[in-house]
Amino acid sequence: MARDVALLWWAMCGFFGLVLVAVSALWIYALHRRPRDFDAEQARRIQRRWLIGGGIVLPSLSIVLLLLFGIPVGQRMLPLPLIGEQPLRIEVIGHQWWWEVRYPDSGVVTANQLHLPAGRPVDLSVSSADVIHSFWVPRLGGKIDMIPGRHNTIRLQADEPGIFRGQCSEFCGTQHSNMILDVQAHAEEDFGAWLDARREPRIEALSGAAGETFASYCGSCHRVAGVSAGTRAPDLSDLGSRRNLGSGVLANAPGATLTWLREHQRLKPGSGMPLTDDVDAEQLQAIAAWLETLEP
Ligand code: CUA
């Protein structure tokens, strides 16, 4: 789709470049032309010719040509039924300021990362839990608004495995620019393995006081498969395997989870996560260390 849109853009750019050159050439020619005398009838004829030819026929032809070129591109962007391989369905829900990603056919839920198979069409059904966001992965083309109470669908296909950056592209509040989506396209079998690993993860709950703190503080908003069931905040079941934290504000290096737990309001002011100043430092460390191990 991105290729089609780029092609359409270049065709428009080239075509209107030609129009610009032609109009400029005529204008320069008119400036340098020596005045000639015409009688009234001749002048009217010349005027009519330019008005009809240059003012009506030429623009109409240009627009029809571009439409002939553009309509099929628009058609291919619609999520119409396909013959043969059926597209994979993925649901993406926008939140202030993070992404919820669901694979409804396998029950897998993750956040702030979108994994998809390369070489296969994917239908992304997008929506929002609060305000209007917009789903945009420039290198995969297409862009679609995420509107509360509504499901919009966009069909995308990554031809090659790779990593792409997605970005919310509808202003949605103070951290709009930090609403980054890590998109990874895998070879078909690698994608299957990625999904299978998350289908029924066996996660051992954190024990002791830190475990209780997690359950009462974090678990009411965050889900960890088999441990806690919160739905207001990002699912953390595979947090250790993510490339970044806080929807793209921090690389997920060793120790980064603790930094995030302590300094999220400095790193991402306004984020919905409450301060953790009142949590015992050792418990916070234990929670961070445990979260880093959550890797299928
Ligand atoms: Cu979400 Cu901008």
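The rules behind each value
Residue numbers here run from 1 along each chain, matching the order of that chain's written sequence. Since the coordinates come from a predicted model, pLDDT governs what is reported: local features require at least 70, and pairs of side-chain atoms require 80 or more to be given and counted, while whole-chain, interface and lining totals use all residues. Only hydrogens and water are set aside; all other atoms, that is, all heavy atoms of the structure, feed into the side-chain values. UniProt positions are given in the numbering used here, feature names are shortened, and annotations may be inferred rather than shown by experiment. Helix and strand definitions follow DSSP, with helices as H or I runs of at least four residues and strands as E runs of at least two, each counted in order from the N terminus. Relative accessible area decides the class of each residue, using a 1.4 Å probe on protein chains only: under 20% of the type maximum gives buried, over 50% gives exposed, and in between gives partly exposed. The definition of a polar contact used here is a pair of N or O atoms within 3.5 Å, where within protein one atom must be able to donate a hydrogen and the other to accept one, and adjacent residues in sequence count solely through side-chain atom pairs. Here, strands pair whenever DSSP counts at least two bridges between them. Each axis is a line fitted through C-alpha atoms, taken for helices only over the stretch in contact, and angles between the N-to-C directions span 0 to 180 degrees. Whether two residues touch is decided by their heavy atoms; if any such pair falls within 4.5 Å, the residues are in contact.

S.K.: Is there a simple way to think about the UniProt feature "domain: Cytochrome oxidase subunit II copper A binding" (unreviewed entry) in the chain in this case?
M.R.: As recorded in UniProt, the sites labelled "domain: Cytochrome oxidase subunit II copper A binding" (unreviewed entry) are residues 85-197. The straight-line gap between the two end C-alpha atoms of residues 85-197 is 24 Å; of that span, 9% is helix and 50% is strand.

S.K.: What's the story with the side chain of Thr-110 in this structure? I'm lost.
M.R.: Following the sequence through the fold, Thr-110 ends up in strand E3 (residues 108-111). Residue classification places Thr-110 among the buried residues on the basis of a relative accessible area of 0%. Side-chain polar atoms of Thr-110 contact the side chain of Asp-238, separated by 3.3 Å.

S.K.: Honestly, the sheet that holds strand E10 (residues 180-186) in this entry has me stumped. Any pointers?
M.R.: Adjacent strands of a sheet form backbone hydrogen bonds with each other and so pair up, either parallel or antiparallel. Ordered by their spatial adjacency, 3 strands build an open sheet running E4-E10-E9, and the pairing between neighbours is mixed. Pairing within the sheet leaves two strands with one partner each, and these edge strands are strand E4 (113-117) and strand E9 (162-167). Pairs of neighbouring strands in the sheet enclose a mean axial angle of 25°, with direction left out of account. Note that E4 and E10 share 5 bridges and pair parallel. Within E10, the residue paired with Leu-116 across the bridge is Ala-185. Here helix H3 (residues 188-199) sits on the sheet and contacts E4 and E10; the angle it forms with E4, its principal contact strand, is near 135°.

S.K.: When you look at the side chain of Ser-228 in this model, what are you seeing that I'm missing?
M.R.: In this structure, Ser-228 sits in strand E12 (residues 228-229). For Ser-228, the side chain forms a polar contact with the main-chain oxygen of His-222, separated by 2.8 Å. If sequence neighbours within four positions are ignored, Ser-228 has contacts with Phe-214, Gly-219, His-222 and Arg-223.

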